[in-house]
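Structural description and commentary
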Amino acid sequence: MDQPRPGAPAPPLANETSLDQEALQMHAVGRPGKLEVQPTKPLITQRDLALAYSPGVAAPVRAIHADPATAYDYTAKGNTVAILSNGSAILGLGNLGALAAKPVMEGKAVLFKRFADVDGIDLEIDAPDVDAFINCARYLSPSFGGINLEDIRAPDCFVIEARLRELLDIPVFHDDQHGTAIIACAGLINALDLTGRDLKSTRIVVNGAGAAGIACLELFKAMGLPADQALLCDTKGVVYQGREAGMNQWKSAHAVDTPARTLAEAVEGADVFVGLSVKGALTQDMVRSMTDGPIVFALANPDPEILPEEVHALRPDAIVATGRSDYPNQINNVLGFPYIFRGALDVRARTINDDMKIAAARAIAALARKDVPDEVDAAYAGRRLQYGPDYVVPVPFDPRLIADIPAAVAKAAMDSGVARKPIENLNAYKADLHSRLDPTVAAMQFMAEQVRSDPRRIVFAEGEEERTIRAAVAFRNAGYGDPILIGRVREIRETAKSIGIADVDRLEIHDGADDDAPANLRYVEYLYRHMQRRGLIYRDCQRAVRQNRNVYAACMVALRDADGMVTGLNRSFSVCFDDIRRVIDPTPGRVPFGLTVMLVRGRTVFIADTTINELPTPAQLAEIAVQSAHKARQLGHEPRVALLSSSNFGQPMNERAEHVREAVRLLDERIVDFEFDGEMTAEVALSDAVRQRLYPFCRLSGPANVLIMPALHAANISAKLLQQMASGTVIGPLLIGMSRPVQVVQMGSTVGELVTAAALAAHDAIVAEQMPFVTP
């Protein structure tokens, strides 16, 4: 048996091939790619089709012809951004062509949707010629409310953006330039504030004269930086007046009269270094030559010009930012582009001008100075998220970004005269922005960050399965902690090697059949004490520990040799749960149950109990409602609980309905802190119109988001019908109410679903440790 290693979790397995395989599998599984198109109107009856298409569609056609502005009212134009690339500068991979850029552009579209509810349409244009690319974008532009240019090499990107901005009356934005510049500018605003500097008297060196470097310098100057206070450097040194080698019109615009010729000479005495160049470009000697309290933004990816620890070894007073998520002060474009387009689209802006960029930078900077919400701070446990040298820009999953940044951009668009549809009430607009995004995704991300900050040991019971091994490696590479595989050591290692897993020997493996392992005897003794009055003799316990991997894994968790476990890949939930119940009891006073989380078209619904209690008593239903509401709140939702039945408030009356009515009465007696009502049908629970028309006395203030089913068969069938028929995401069923963190996935789950379940088990362990009275 491979013994556990003491101390902090080991670094990720050095296995790029495994990561590549996992990424390829993620992109290929199910419907290939990351996007699909969903209708926003019902298309069920002949009348629906007649309205959506011929002959009804003629009406909006005529309206748009008469007034082109009505395209924003009758089509998706106003929420759609074209994501255009020719693949000439894909990430750090170079010029690989238009088609190879498609996975990146699809990913960009996903970020637009995830963070700002903007519909991004990726268009990969096979046109290395600048004029051809411009013409293609120009002729396609009527379909979109804005254009995001991506991964286009310099200097072509400058020409393309400038020409399209002249030709079109919609926002055109090259994120590689301006996205980086805006976030860097936000960080600089706060770094200058913290060090008591004024931008007008600050000396700045920008190293890297590509798209992002020049855009940063231009925005700094637009903010008030005098031209003679800035030096631009490239691979040939300082861009100075009179230089001829390697020059172009964009560099020449920033050439200054200076005796400095090298980066080292430029940096000497400088207040700020902004790097958008290559690893190692900034040396420790250069940092030593900077002024007191230097500001170093080393933004080269994936490896910065200099590492933060190298700067702080010499200059503890320095403020350092990078492009990496494993250091404080990450300059991440996702803080900008989704929200900038959100604000620009919502006022139907003709362009994204400097005023809007500066407004975005200032809003991002201002957000970093505000008190950080508890859920964000908890997600980054181990780091104190408080305005200061290690927190000059917000973290990417701050839920306040969706309201603050678009509102600032929209206001700047209105103030600068480029908005065609002004917003009268910005406070109401902010409230609307908050409601656009489902909080579940953000809550899941917060949980993931919290686990990364406090990694855990999680047992994967079905350790010989290929998918389990992949999931264990992915769990570790994600920084969630140490995975533990249960199974035969030789078989696991051979399978791992066959699928390209490097460093197989570093995988922690336990085999219940290994009689020489000291822990195995402990597990037998524990199981015997636990089950000797529940039908098992000592020999049964020996056999269970040796042969049943769920039992073995549960023993590890029960005896604190691991923090949690995940199983279920090749056995049914009921079988797995019975195995686990031999070892781990429910939390005293709690009812164990399964909670399925459904995310469909931006809406989340929690369904319980989908796995355990066949005919729950009224008391059990009430307890399931309480625990479900708690989990919903933990995932960012204010619970509105509906106790479902086949009848509505006594019509018709039947035995099962009376069961549910009694559960409602018990909840009334408990004086709980969430909305609930029942009994009611699903239609009444989910439809505001039906509920308000027929049952205005119902206590729910909106559609129910927690559905408590009257029986297991109803819950299980409903959840699986939704899973198969609705185009959405399913989390779980989550196992709630156990005294130790355990998750049982559905049979046939993907690697990603296994990793999610393991991360949830790890988070349950953190919560249980921090708040022992709260059930996982």
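Residues numbered from 1 in each chain as written. Predicted model: local features only at pLDDT ≥ 70, side-chain atom pairs only at ≥ 80, totals over all residues. Heavy atoms only, no water.

1. Here's the deal with helix α23 (residues 538–547)
Put simply, the rule reads: Summary of the burial criterion: residues with accessible area below 20% of their type's maximum are buried, those above 50% are exposed, and those between are partly exposed, where the area comes from a 1.4 Å probe applied to protein chains only. Comment: elements are numbered from the N terminus, with helices defined as DSSP H or I runs of at least four residues and strands as E runs of at least two. Directions from the helix axis toward the C-beta atoms define the arc. Any two residues whose heavy atoms approach within 4.5 Å are treated as being in contact.
Looking at α23, one finds that the buried residues are Cys541, Ala544 and Val545. Projected down its long axis, α23 carries its buried residues within an arc of 95°, all on one side. Those residues of α23 that are exposed and aimed more than 90 degrees away from the buried face are Arg539 and Gln547. Contact partners of the buried residues in α23: α22 (518–531) and α24 (549–558).

2. Considerations on a nonpolar patch on the surface
Heads up, the condition is: For patches, a residue must show more than 30% relative accessible area and have no salt bridge; joins then use 9 Å for like charges and 5 Å for nonpolar side chains, namely Val, Leu, Ile, Met, Phe, Trp and Tyr. Every accessible area reported is derived by Shrake-Rupley at a probe size of 1.4 Å, with residue values counting cover from the shown protein chains alone. Salt bridge, as applied in this entry: a Lys or Arg side-chain nitrogen positioned within 4 Å of an Asp or Glu carboxyl oxygen.
Where nonpolar side chains cluster on the molecular surface, the patch consists of Leu91, Leu93 and Leu96 and spans about 340 Å² of accessible area. Structurally, Leu96 is set in the loop between β1 (80–85) and α5 (102–116).

3. A look at the pattern of salt bridges
Scanning the model with the defined rule gives 50 salt bridges in all. Asp119 is the partner of Lys113 in a salt bridge, and the nearest nitrogen-oxygen pair spans 2.8 Å. Take Lys113: its relative accessible area is 39%, and that puts it in the partly exposed class. Between Arg369 and Asp193 there is a salt bridge, and its shortest N-O distance comes to 3.9 Å. On the criterion of sequence distance, the pair formed by Arg369 in helix α15 (residues 354–369) and Asp193 in helix α8 (residues 175–194) is long-range, its members being 176 residues apart. It is possible to trace a salt-bridge network through shared partners that takes in Lys102, Glu106, Asp122 and Glu124.

4. Examining the nonpolar core
Defined as follows: The set of buried Ala, Val, Leu, Ile, Met, Phe, Trp, Tyr and Cys residues whose side-chain atoms join them within 4.5 Å is what this entry labels a nonpolar core.
Core analysis: the biggest nonpolar cluster contains 114 residues, and Leu149, Ile182, Ile204, Phe220, Val274, Phe297 and Met356 have the highest contact counts within it. Among all residues touching Val274, those that are not within four sequence positions of it are Ile204, Val205, Val206, Asn207, Phe220, Phe297 and Leu299. In terms of nonpolar packing, the next biggest core, distinct from the first, is built from 34 residues, Ile486, Met531, Tyr552 and Leu735 among them.

5. Quick notes on helix α25 (residues 573–581)
Taken together, the buried positions of α25 are Phe573, Cys576, Phe577, Asp579 and Ile580. One side of α25 carries all its buried residues, which in axial view fall inside an arc of 160°.

6. Focus on the packing of α22 against α24
Each pair of packed helices gets described by two things: the angle between the helix axes and the distance between those axes. Quick note on the threshold: All axes are obtained by fitting lines to C-alpha atoms, using only the stretch in contact for helices, and the reported angles, taken between N-to-C directions, cover 0 to 180 degrees. For this classification, under 35 degrees means roughly parallel, over 145 means roughly antiparallel, 65 to 115 means roughly perpendicular, and everything else is oblique. Following the grouping adopted for this structure description, the nonpolar residues are Ala, Val, Leu, Ile, Met, Phe, Trp, Tyr, Cys and Pro, the charged ones are Asp, Glu, Lys and Arg, and the polar ones are all others, Gly among them.
Put simply, α22 and α24 touch, their axes get as near as 10 Å, and they point 90° apart. Between α22 and α24, the angle falls in the class roughly perpendicular. Of the residues in α24, those touching α22 at Asn520, Tyr523, Tyr526 and Leu527 are Val551, Tyr552, Cys555, Met556 and Ala558. Of the residues in the contact of α22 with α24, the class split is 8 nonpolar, 1 polar and no charged.

7. Some words on the packing of aromatic side chains
Selection rule: Here a Phe, Tyr or Trp ring, Trp counted by its six-membered ring, pairs with any other such ring whose centre lies within 6.5 Å, and the pair is stacked when the planes are under 30 degrees apart, edge-to-face when over 60, and tilted otherwise. Counted as over-ring charges are cases with an Arg CZ or a Lys NZ within 6 Å of the ring centre that also lie within 35 degrees of the ring normal.
For the structure on display, the rule yields 14 aromatic pairs. Every member of this aromatic cluster is reached through a ring pair, and the members are Phe112, Phe173, Phe337 and Phe341. Of note, Arg114 hangs over the ring of Phe115, and the distance from its end group to the ring centre comes to 4.7 Å.

8. Quick word on the confidence of the model for the chain
Operational definition: The predictor attaches a confidence to each residue, called pLDDT, with possible values from 0 through 100.
Averaged over every residue, the pLDDT of the chain is 88; residues scoring 70 or more account for 94%. Note on residues 1–16: pLDDT under 50 across the span, and 43 contacts to partners over four residues away in sequence or across chains.

9. Details of the sheet that holds strand β4 (residues 172–174)
Rules: At least two DSSP bridges between two strands are needed for those strands to be called paired.
The 4 strands are arranged β2-β1-β3-β4 in an open sheet whose pairing can be described as parallel. Strands at the two margins of the open sheet, each flanked by one partner only, are β2 (119–124) and β4. Averaged over neighbouring strand pairs, the angle between their axes works out to 25° when direction is ignored. As defined by bridge partners, β1 adjoins β2 across 6 bridges and the pair is classed as parallel. Bridging from a neighbouring strand, Ser85 pairs with Glu124 of β2. Running over the sheet, helix α6 (residues 130–140) touches β1, β2 and β3 (146–149) and is turned about 165° from β1. Packing against the sheet, α8 makes contact with β3 and β4, and its axis sits at approximately 75° to β4.

10. Focus on the pairing of strand β16 (residues 603–608)
The buried fraction of β16 is high, at 5 of 6 residues. Direction of pairing for β16 relative to strand β19 (residues 706–708): parallel, over a ladder of 3 bridges. From the neighbouring strand, Phe606 faces β19, where its bridge partner is Val706.

11. So, the environment of Leu314
Along the chain, Leu314 turns up in helix α13 (residues 308–314). Taking the C-alpha atoms as reference points, Leu314 and Gly702, 388 residues apart in sequence, are found 58 Å from one another. What Leu314 contacts, discounting residues up to four positions off in sequence, is Gln284 and Arg288.

12. Some thoughts on the sheet that holds strand β8 (residues 272–275)
Two pairing modes exist for strands in a sheet, parallel and antiparallel, and in both the strands are linked by backbone hydrogen bonds. The strand order β7-β6-β5-β8-β9-β10 describes an open sheet built from 6 strands, whose pairing is mixed. Of all strands in the sheet, those with a lone pairing partner are β7 (237–238) and β10 (319–322), marking the two edges. For β8 and strand β9 (residues 295–298), the ladder comprises 4 bridges, and the chain directions are parallel. Across the sheet, the residue bridging to Gly275 is Ala298, located in β9. Against the sheet, α8 contacts β5 (204–207), β8, β9 and β10, and its axis sits at roughly 160° relative to β9.

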